Amino acid sequence: MSAVIENHHDDHHHGPAKGLTRWLYTTNHKDIGTLYLWFSFAMFLIGGAMAMIIRAELFQPGMQIVEPEFYNQMITLHGLIMIFGGVMPAFVGLANWLVPMMIGAPDMALPRMNNLSFWILPFAFFILLSSLFMEGGAPNFGWTFYAPLSTTYAPPSVTFFIFSVHIMGASSIMGAINVIVTIMNMRAPGMDLMKMPLFVWSWLITAYLLIAVMPVLAGAVTMMLMDIHFGTSFFNAAGGGDPVLFQHIFWFFGHPEVYIMILPAFGIVSHIIETFSRKQLFGYSSMVWAMLSIAILSFVVWAHHMFTVGMPLAAELFFMWATMLIAVPTGVKVFNWIATMFRGSITFETPMLFACAFVVLFTLGGFSGLMLAITPADFQYHDTYFVVAHFHYVLVPGAIFSIMAAVYYWIPKWSGNMYDERLGKLHFWLSFIGVNVTFFPQHFIGLAGMPRRYPDYALQFADWNMVSTVGAFLFGISQVFFLFIVIKTVMGGKKATDQVWEGARGLEWTVASPAPYHTFGTPPKVD
Amino acid sequence: MLSNYTNKLTGFLLTLSLFTNPAKADWFALNMTEGATAISEEVFNLHMLIFWICVAIGVVVFSVMFYSMFAHTKKKNPVAATFHESTKVEIAWTVIPFLILIAMAVPASKTLTKMYDDTAGDVNIQVTGFQWKWQYRYLEDGVSFFSNLSTDMDEIYNLVPKGENYLQEVDEAVVIPVGKKVRFLITANDVIHSWWVPAFAIKQDAIPGFVNTAWTKVDKVGTYRGKCTELCGKNHGFMPIVVKVVEQDEYDLWVSDKKEAAFKLAELTEKEWTTAELVERGESVYATNCVACHQVNGQGITGIFPALAGSDIVLNDKPRNIEILMEGVQGAAMNSFDYLSEVELASVITYTRQSWGNAEKGDGEIVSPKDIVDYKKPKI
Ligand code: HEM
Ligand SMILES: [Cu+2]
Ligand SMILES: [Cu+2]
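Per-chain numbering applies: the sequence of each chain, read as written, is numbered from 1 onward. Chains and ligands are labelled by the order in which they are written, letters from A for the one and numbers from 1 for the other. Note on the predicted model: pLDDT of at least 70 is required for a residue's local features to be given, and 80 or more for side-chain atom pairs to be given and counted; whole-chain, interface and lining totals, by contrast, use all residues. Side-chain descriptors were evaluated using all non-hydrogen atoms of the structure, hydrogens and water having been removed beforehand.

Asker: Please set out the overall build of chain A residue by residue, giving values where relevant.
Answerer: On a plain count of helices and strands, chain A comes out with 17 helices and 0 strands. The quantity called the radius of gyration is restricted to C-alpha atoms. Its globule counterpart is 2.2 Å times the number of residues to the power 0.38. The C-alpha radius of gyration of chain A comes to 23 Å, within 12% of the 24 Å expected for a compact globule of 527 residues. Projecting the C-alpha coordinates of chain A onto the three principal axes gives extents of approximately 70 × 50 × 45 Å. If you take every contact in chain A between residues at least 6 apart in sequence, the share linking residues at least 24 apart comes to 82%. Summing over all exposed atoms, chain A offers an accessible surface of approximately 16400 Å²; the carbon and sulfur share of this is 72%. The convention is simple: Lys and Arg are positive, Asp and Glu are negative, and His and the chain ends are not counted. The atom standing in for a charge is NZ when the residue is Lys, CZ when it is Arg, CG when it is Asp and CD when it is Glu. Charged side chains of chain A number 21 positive and 26 negative; the gap between the two group centres comes to 13 Å. Secondary structure elements follow DSSP: runs of H or I no shorter than four residues count as helices, runs of E no shorter than two count as strands, and numbering proceeds from the N terminus. For this analysis, residues touch if any pair of their heavy atoms sits within 4.5 Å. Note on areas: Shrake-Rupley with a 1.4 Å probe; residue coverage comes only from the protein chains shown.

Below you can see the structure in the form of structure tokens.
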């Protein structure tokens, strides 16, 4: 097998540089992928620690550990760090590692920009985190930063927040451009668009979404900056501005953003289910069409986050219907996954366990999403813990589980070592129980009437909040265990074969394990 | 909201020992309320309808999945089937969900249309969100008051046991008559808030510069509790809503009482006040309106809220001091307090000018309700 990928170009006969400069100057897609993945893991742990502070405060009614002011800073930073620091860079890291290997390309199309788009990220998050130590504290207006709470009434650190969002946006846009250019120009001969692995498809669509909406986010924060420092009144009613305009702009970015965080997961899960069912994916082309329709629909549903701002009836109806429509392509994907498993020959290694949990729990999140789309009912759900439960079901056992599944699935290819299957399964079960104990009760708490972003609550919410906190700590500790498993695998372990998994298909499994520093110096032929 | 660390520590220990057993534990608080109005009941039924449809879909879909997971393992089925598409099946599972969605959309659209009726009510009340309290103004009767959280700080900081309505009680509830159409005109003074009363299925954002409407017709006399549901700063979790629904005659009585109280207040404005009287009254006004930012000791919070103790304006600039309270400071969290009564304004300003050693350091001038009345007179 490995003979196929042996490189015979002299100028390619070098391995990685040594020491720190290897990582600083690298333009290698595998190195950059690794950097992204470790960075996102670090952010995941920091954001997770903040979640522990939040849950600890909510363990019982009454203020115990933090003050409301600091509590608001925690929910804000937790949300921003998990979304922009945890999930998004993890997917970019996976794209870096996998897209070139899956399409038979030697590297990303724009390697130096690749380096830049990663290395500005640590600065963005350093700035964001340093705001914790500034006068007036860190941003405290929620990850949705609605004006005028985030403008006229914001702490001075909001300016640093704006700057860091700009950097994150620039990084995402560069990453997205790189992915698109790579996929469009560097596929191996014979790999038509409709032969591309689904992960590549999912990222192609994600990258277009990113390019479409990150500039909108940049626009929103720039208008905030103008309002705060240059006397404009975009969002200031007293000056003739419109605070609701902010929400329209934010959610025009925000809803596609939630699909940016789930489309790559769809790709990953498709590969894993196919491999461990030992059966070709059911309905490949409908999978592609489903992703495309989800992406397009995601531009016309944004105001379902704003049903209570007082829109005209016609607008409420339109956004309700459009949102409900998204359930159709989403359903198609779920049915296809199940049809792939049907009459397969299934084994349940750790990646498959995570993928199965993904299908079930993501679907639960989809159900609550459908309920939220029903406008009259949303008047009761909106801004309560029911919404918190919904988006954590789609983000934690959705996006995050898919990332963990991907790590278990591809780490033998990355490191050359098999992870410890017993530990992997233990990690899965701890996470699975933890996530459900944490978030399922939040449906109850929300329906019973507890609003979100509350540091303290009435007594009838006490019991289930306590359960949720216990689950959160179980989930939190399990992720430290995951860190241990990953380090152990990278350090050593049973050697992986090139194919790694019996049912694995695709170009990345034709190269040696660990994948050599340079792969596909000469393009493979795909038929 | 400020507590020192010993305070917190004892609070924490007390929680662990004495009060770990909240009086009103509730494992059964699981579902949405049916509420107290025709609309809220309709919303509840809609919620349950969609819920059961989702359960039904879930049962079907997951049964197939779990069946595969058990029956189609490598052990039981060593060789996988090879099918990987079927146009018929794929059309079926696109069309059927679409039809189910239409079945949901029809009743949902009907209910929504019913909720959108913004003709005038029998009683019209303007609801204004403030950081961090609600103001209610009865448009017909001119009655107007603020509604503040009345839960004791000591309960919040676990120093005493929590009462039954912990965080769901206010100093003055909004009162409405039973069986009448009541319309709420909802807006805000500073940031965005959201006025939510689950029993009426009303959740409407309170947005500065905009007026949103919502209406209700409550069938049952009773006390209904709600909350602010849009993050509005530090005390977002501490500005509850209490609505008392009463019989019409009781309502009329309440309105005339409120009017009489307003009249008495006007008399108070005329009276000659001594410094001591003003300071005494000002202390409580300060406690409800200013401590959140300027703190009990007048020291503020470095970097965000300036200290009033030793502030030049408070010490020596009485006109500017009044002006700041009346007009607020453009572009800052310091809002206009012109909605307070003349007595309240005069007393709180006097209080800040007399406390924390300010009287000794500055001119020590007091502000009387008449000064405020003068300020309000049109300037020539
Ligand atoms: C069937 C698909 C889905 C539907 C119908 C749906 C619907 C909704 C609706 C209506 C809301 C607004 C709820 C409210 O604030 O009252 C919402 C919130 C949210 N959804 Fe979804 N959703 C779906 C899938 C997803 C996915 C795939 C993700 C991300 C991976 C996601 C992430 C979120 C987030 C983060 C929020 C909360 C935003 C916030 O207010 O902070 N949703 N969803
Ligand atoms: Cu959305
Ligand atoms: Cu609020």
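On we go.
Asker: Can you lay out the packing of helix 4 (residues 111-119) of chain A against helix 5 (residues 121-130) of chain A for me, pointing to particular residues and giving the numbers?
Answerer: Residue and element names in this part refer to chain A. Between N-to-C directions, angles span 0 to 180 degrees; the directions come from axes that are lines fitted to C-alpha atoms, helices contributing only their stretch in contact. Running from amino to carboxyl end, helix 4 crosses helix 5 at an angle of 10°, the nearest separation of the two axes being 4 Å. The pairing of helix 4 with helix 5 is recorded here as roughly parallel in orientation. Here S117, F118 and W119 of helix 4 come into contact with helix 5, specifically with L121, P122 and F123. Its residues assigned to classes, the contact of helix 4 with helix 5 shows 5 nonpolar, 1 polar and no charged. With respect to orientation, any angle under 35 degrees is reported as roughly parallel, any angle over 145 as roughly antiparallel, any angle of 65 to 115 as roughly perpendicular, and every other angle as oblique. Each residue gets one label: Ala, Val, Leu, Ile, Met, Phe, Trp, Tyr, Cys and Pro are nonpolar, Asp, Glu, Lys and Arg are charged, and the others, such as Gly, are polar.

Asker: So what's going on with the site of ligand 1? Residues and values would help.
Answerer: Residues and elements named next belong to chain A. For this description, a residue counts as near a given molecule or strand if any of its non-hydrogen atoms is within 4 Å of it. The environment of ligand 1 is formed by 23 residues, the closest being W143, D378, H382, H390 and R452. By the criterion applied in these results, polar contacts are pairs of N or O atoms within 3.5 Å in which, for protein atoms, one can donate a hydrogen and the other can accept it, and in which residues neighboring in sequence qualify only through two side-chain atoms. Here W143 contributes a side-chain N or O atom positioned 3.0 Å from an oxygen atom of ligand 1. With respect to ligand 1, the side chain of H390 contributes an N or O atom lying 2.8 Å from a nitrogen atom. When residues of the shell around ligand 1 are traced back to their parent elements, those giving at least two are helix 8 (243-260), helix 13 (350-373) and helix 15 (385-415). Sort the elements by how many residues they give to the shell around ligand 1 and helix 13 lands first, with 6 residues. Per-class residue counts for the shell around ligand 1 are 13 nonpolar, 8 polar and 2 charged.

Asker: Which residues make up the coordination of the copper ion (ligand 3), and what values go with them?
Answerer: All names here are of chain B. Coordinating donors are taken as N, O and S atoms within 2.8 Å of the metal, stretched to 3.2 Å for Na, K and Ca; because water is absent from the atoms, sites can appear incomplete. Bound to the copper ion (ligand 3) on the protein side are C228 (SG), E230 (O), C232 (SG) and H236 (ND1), at distances that span 2.1 to 2.5 Å. Four donors are marked tetrahedral only if all angles between them lie between 85 and 135 degrees, whereas four are marked square planar and six octahedral if opposite donors are more than 155 degrees apart and the other angles lie between 65 and 115; the remainder are marked irregular. Classification of the site at the copper ion (ligand 3) rests on its 4 donor atoms, whose angles at the metal span 84 to 128°, yielding the label irregular. Counting along the primary sequence, the residues that act as donors to the copper ion (ligand 3) give the motif C-x1-E-x1-C-x3-H. Only protein chains enter the area calculation, which uses a 1.4 Å probe; residues under 20% of their type maximum are buried, those over 50% are exposed, and those in between are partly exposed. Judged by relative accessible area, which is 0%, C232 ranks as buried.

Asker: Describe the nonpolar core, with residues and values.
Answerer: Within the largest apolar cluster, 270 residues are counted, with the highest numbers of intra-cluster contacts made by Y138 and W195 of chain B. Considering each element in turn, this core owes the most residues, 22 residues, to helix 3 (residues 68-103) of chain A. The domain limits used here are those given by an automatic or database domain assignment. Here this core gathers at least three residues from each of two domains, domain 1 (31-115) and domain 2 (123-262) of chain B. Not counting chain neighbours up to four residues away, the residues in contact with W195 of chain B comprise V127, W134, Y136, F184, I186, I202, K203, Q204, K227, I241 and V243 of chain B. What is meant by a nonpolar core is a set of buried Ala, Val, Leu, Ile, Met, Phe, Trp, Tyr and Cys residues, joined one to another through side-chain atoms within 4.5 Å. Within the second largest apolar cluster, 22 residues are counted, among which are Y286, I324, F337 and L340 of chain B.

Asker: Describe the interface of chain A and chain B, and please don't skip the residues or the numbers.
Answerer: Taken together, the contact pairs 104 residues of chain A with 102 residues of chain B. As a working definition, buried area equals the accessible area (1.4 Å probe) given up by two parts on being put together, with both sides summed. Approximately 9000 Å² of surface area, both sides summed, lies buried where chain A meets chain B, with 68% of it carried by carbon and sulfur atoms. When residues of chain A are sorted by the area they lose upon contact with chain B, Y153, Q380 and L459 of chain A head the list and together hold 8% of the total. We count a salt bridge whenever a side-chain nitrogen from Lys or Arg sits within 4 Å of a carboxyl oxygen from Asp or Glu. At the junction of chain A with chain B, the criterion picks out 1 salt bridge. Of the charged contacts, one joins E502 of chain A and K74 of chain B as a salt bridge, the two residues approaching to 2.9 Å between their closest N and O atoms.

Asker: Describe the sheet that holds strand 2 (residues 133-138) of chain B, with residues and values.
Answerer: Residues and elements named next belong to chain B. The pairing criterion is simple: DSSP has to find at least two bridges between the two strands. Spatially, 3-2-1-5-8 is the arrangement adopted by the 5 strands of the open sheet, whose pairing is mixed. Each edge of the open sheet carries a strand with a single partner, namely strand 3 (144-147) and strand 8 (212-216). Shown here is a sheet whose adjacent strand axes are inclined to one another by a mean of 25°, direction ignored. Examined bridge by bridge, strand 1 (residues 123-130) and strand 5 (residues 182-188) share 7 bridges and lie parallel to one another. By the bridge assignment, Q126 is partnered in strand 5 with L185.

Asker: Tell me about the sheet that holds strand 6 (residues 193-197) of chain B, and please be specific about residues and values.
Answerer: Residues and elements named next belong to chain B. Taking strand neighbours across the sheet as the criterion, the 5 strands line up as 4-10-9-6-7 in an open arrangement whose pairing is mixed. The sheet is open, and its two edges are formed by strand 4 (174-177) and strand 7 (202-206), each paired on a single side. Averaged over all neighbouring strand pairs, the angle between strand axes comes to 25°, with direction disregarded.

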